[in-house]
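Take a look at the letters that make up each chain.
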Amino acid sequence: MHEKKSVNILLEILLWLFSLLIIYPLGMVLMTSFKSYGESNILSIRPPTEWLISNYEEVWTKGKILQSFLNSTYITVFSVILILLCSSMLSYIVVRRRNRFNRFVSKFLTFGIIAPFAALPTIEMLKMMGIYGTRTSLVLIYAAIYLPFTSMLFSSFIVGIPRELDEAAIIDGCTGFPLFARIIMPLLKPVTATTGILNFMWVWNDFQYPMYLLNTSAKYTLPLSIYSFFGTFNRSWNLVCADMVMVSLPVILLYLFAQKYIIAGMTAGAVKG
């Protein structure tokens, strides 16, 4: 018992030490965001001599945060909705109808997880469709990229839902989409919350795809706005850090308030799978 307790204490100390690898840079960015231009040249976690809220006011004005925030919100919200709807319905069909075609679809989705993003063919395809450079094109691309992984999570959850529920609904005259919407979808709340939050964070924080697919600064998302802002104010670390804090705050708050749903959804999926 004594040895086990010592091992637990040692592991706890190691975990706290490893957590400093994340806590220290986050604290440094936060403290620097309130410093003056002179103090910010020395990046450290030391609190500023004078807390300057004006840094955030300047970033809000010069960084076009509101415009980028609205772009990110539009792209993220519609992407997540499309991903969840398509993934849940596809997973339900694949799990319930175990024929040769659906088995092929299930394996093809696995390939979609490991396949790399091909920028040039994607851009050419979007140009042919006449939507290259639009926010809608990003919504469709995110739906295609994250649909395979999300579908696998939904599939592992739906496997644990008894088929008898479907049969009882069919006997009562509920078939097709009404069956899925009224009977199955309410049972998918845990995994829907989990995948919804994960996809929200992935899309919100993504930098690569907007860089490839958005051609005007008026449509920039928040991660792209940091890149643009840093190019203009790369010597003003106080403003750059303030911009990073403002951009990261929404997704940090979302994760803090929703982490219990992420853990609950993953645990439920594991038990049911």
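S.K.: Go over the overall build of the protein, please, and point to the residues and values.
M.R.: Of the regular secondary structure elements, the protein holds 13 helices and 0 strands. Tracing the protein from N to C terminus, the helices and strands come up as α-α-α-α-α-α-α-α-α-α-α-α-α. Its C-alpha atoms give the protein principal-axis dimensions of about 75 × 70 × 30 Å. The proportion of buried residues among the 273 residues of the protein is 38%. Counting every atom, the protein has about 16400 Å² of accessible surface; 70% of that belongs to carbon and sulfur. Averaging the positions of the 21 positive and the 13 negative side-chain charges in the protein gives two centres separated by 8 Å.

S.K.: I'd like a rundown of the confidence of the model for the protein, residues and numbers included.
M.R.: In regions of low pLDDT, the predicted coordinates are not meant to be interpreted in detail. Looking at the protein, the pLDDT average stands at 83 and 93% of residues meet or exceed 70. Note on residues 269-273: pLDDT is under 50 here. Beyond four places in sequence and across chains, it has 6 contacts.

S.K.: Now, about a positive patch on the surface: what can you tell me, with residues and values included?
M.R.: A surface patch of positive charge is lined by Arg98, Arg100, Arg103, Lys107 and Arg163. Considering every element that reaches the positive patch, the biggest residue donor is helix H5 (residues 100-114), with 3 residues. Summarising the element assignment, Arg98 is placed in the loop between helix H4 (65-96) and H5.

S.K.: So what's going on with the side chain of Ser225? Which residues, and what values?
M.R.: Mapped onto the fold, Ser225 is located in helix H12 (residues 222-232). Engagement of the side chain of Ser225 in a polar contact is seen with the backbone oxygen of Leu222, the distance being 2.5 Å. In this structure Ser225 touches Gly63, Ser68, Asp243 and Val247, once residues within four positions along its chain are discounted.

S.K.: Could you give an account of the environment of Asp166, naming the residues involved and the relevant values?
M.R.: When you line up the elements, Asp166 lands in helix H8 (residues 163-171). Take Asp166: its relative accessible area is 8%, and that puts it in the buried class. Taking C-alpha positions, Asp166 is 9.5 Å from Arg96, a pair spaced 70 residues apart along the chain. Apart from residues lying up to four places away in sequence, Asp166 is in contact with Tyr92, Arg96, Leu179 and Ile184.

S.K.: Which residues make up the environment of Ser217, and what values do they have?
M.R.: Mapped onto the elements, Ser217 comes out in the loop between helix H11 (208-213) and H12. Counting along the chain gives 11 residues from Ser217 to Ser228, while the straight-line C-alpha distance between them is 8.5 Å.

S.K.: If you had to explain the packing of aromatic side chains to someone new, which residues and values would you point to?
M.R.: Using the criterion set out here, one finds 13 aromatic pairs in the structure. Judged by centre distance (5.2 Å) and plane angle (45°), the ring pair of Phe34 and Tyr56 falls under tilted. Here the residue Phe34 occupies a position in the loop between helix H1 (2-32) and helix H2 (37-40), and Tyr56 occupies one in helix H3 (residues 54-62), the gap between them amounting to 22 residues. When its relative accessible area of 15% is taken as the criterion, Tyr56 is described as buried. Look at Tyr142 and Tyr146: their rings are 6.0 Å apart centre to centre, the planes differ by 10°, and that puts the pair in the stacked class. In this pair, Tyr142 and Tyr146 are both assigned in helix H7 (residues 135-158), 4 residues apart and thus about one turn of the helix distant. Accessibility expressed as a relative area gives 14% for Tyr146, which makes it buried. Among the aromatic side chains, those forming a connected cluster through ring pairs are Tyr142, Tyr146, Phe149, Trp202 and Tyr209. Between Arg135 and the ring centre of Tyr74, over which it is positioned, the NZ or CZ distance is 4.4 Å.

S.K.: So what's going on with the environment of Phe200? Residues and values would help.
M.R.: Inspection of the secondary structure assignment puts Phe200 in helix H10 (residues 189-205). Spatially, the C-alpha atoms of Phe200 and Leu254 are 9.2 Å apart, while their sequence positions differ by 54 residues.

S.K.: Give a detailed account of the nonpolar core, specifying residues and quantitative values.
M.R.: Counting residues in hydrophobic clusters, the biggest one holds 37 residues, and the most contacted among them are Val59, Ile184 and Leu188. Every element with two or more residues in this core is listed here: H3, H4, H7, helix H9 (176-184), H10, H12 and helix H13 (237-272). Broken down by element, the residue count for this core peaks at 9 residues, all from H13. Discounting residues that sit within four places of it in the chain, Ile184 has contacts with Tyr92, Arg96, Ile161, Asp166 and Leu179. Within the second largest apolar cluster, 15 residues are counted, among which are Ile83, Ile123, Tyr142 and Val203.

S.K.: An account of the packing of H4 against H12 is requested, with residue identities and associated values reported.
M.R.: Running from N to C, H4 and H12 point in directions that differ by 150°, and their axes come no closer than 8 Å. Counting all contacts with H4, which are made through Ile65, Ser68, Phe69 and Ser72, the residues of H12 involved are Leu222, Pro223 and Ser225. For the contact of H4 with H12, a count of residues per class yields 4 nonpolar, 3 polar and no charged.

About the criteria used
Residues numbered from 1 in each chain as written. Predicted model: local features only at pLDDT ≥ 70, side-chain atom pairs only at ≥ 80, totals over all residues. Heavy atoms only, no water. Helix = DSSP H or I, 4+ residues; strand = E, 2+ residues; numbered from the N terminus. Buried < 20%, exposed > 50% of the residue type's maximum accessible area, 1.4 Å probe, protein only. Areas by Shrake-Rupley, 256 points an atom, 1.4 Å probe, with all protein chains shown as cover. Lys, Arg positive; Asp, Glu negative; His and termini not counted. Charge placed at Lys NZ, Arg CZ, Asp CG, Glu CD. pLDDT = per-residue confidence, 0-100. Contact = heavy atoms within 4.5 Å. Patch = residues over 30% accessible without salt bridge, like charges linked within 9 Å, V, L, I, M, F, W, Y side chains within 5 Å. Salt bridge = Lys/Arg side-chain N within 4 Å of Asp/Glu carboxyl O. Polar contact = N/O pair within 3.5 Å; in protein donor to acceptor, adjacent residues only side chain to side chain. Phe/Tyr/Trp six-rings, centres within 6.5 Å; stacked < 30°, edge-to-face > 60°. Lys NZ or Arg CZ within 6 Å of the ring centre and 35° of its normal. Core = buried A, V, L, I, M, F, W, Y, C linked by side-chain atoms within 4.5 Å. Axes fitted to C-alpha atoms, helices over the stretch in contact; angles between N-to-C directions. Nonpolar A, V, L, I, M, F, W, Y, C, P; charged D, E, K, R; others polar.

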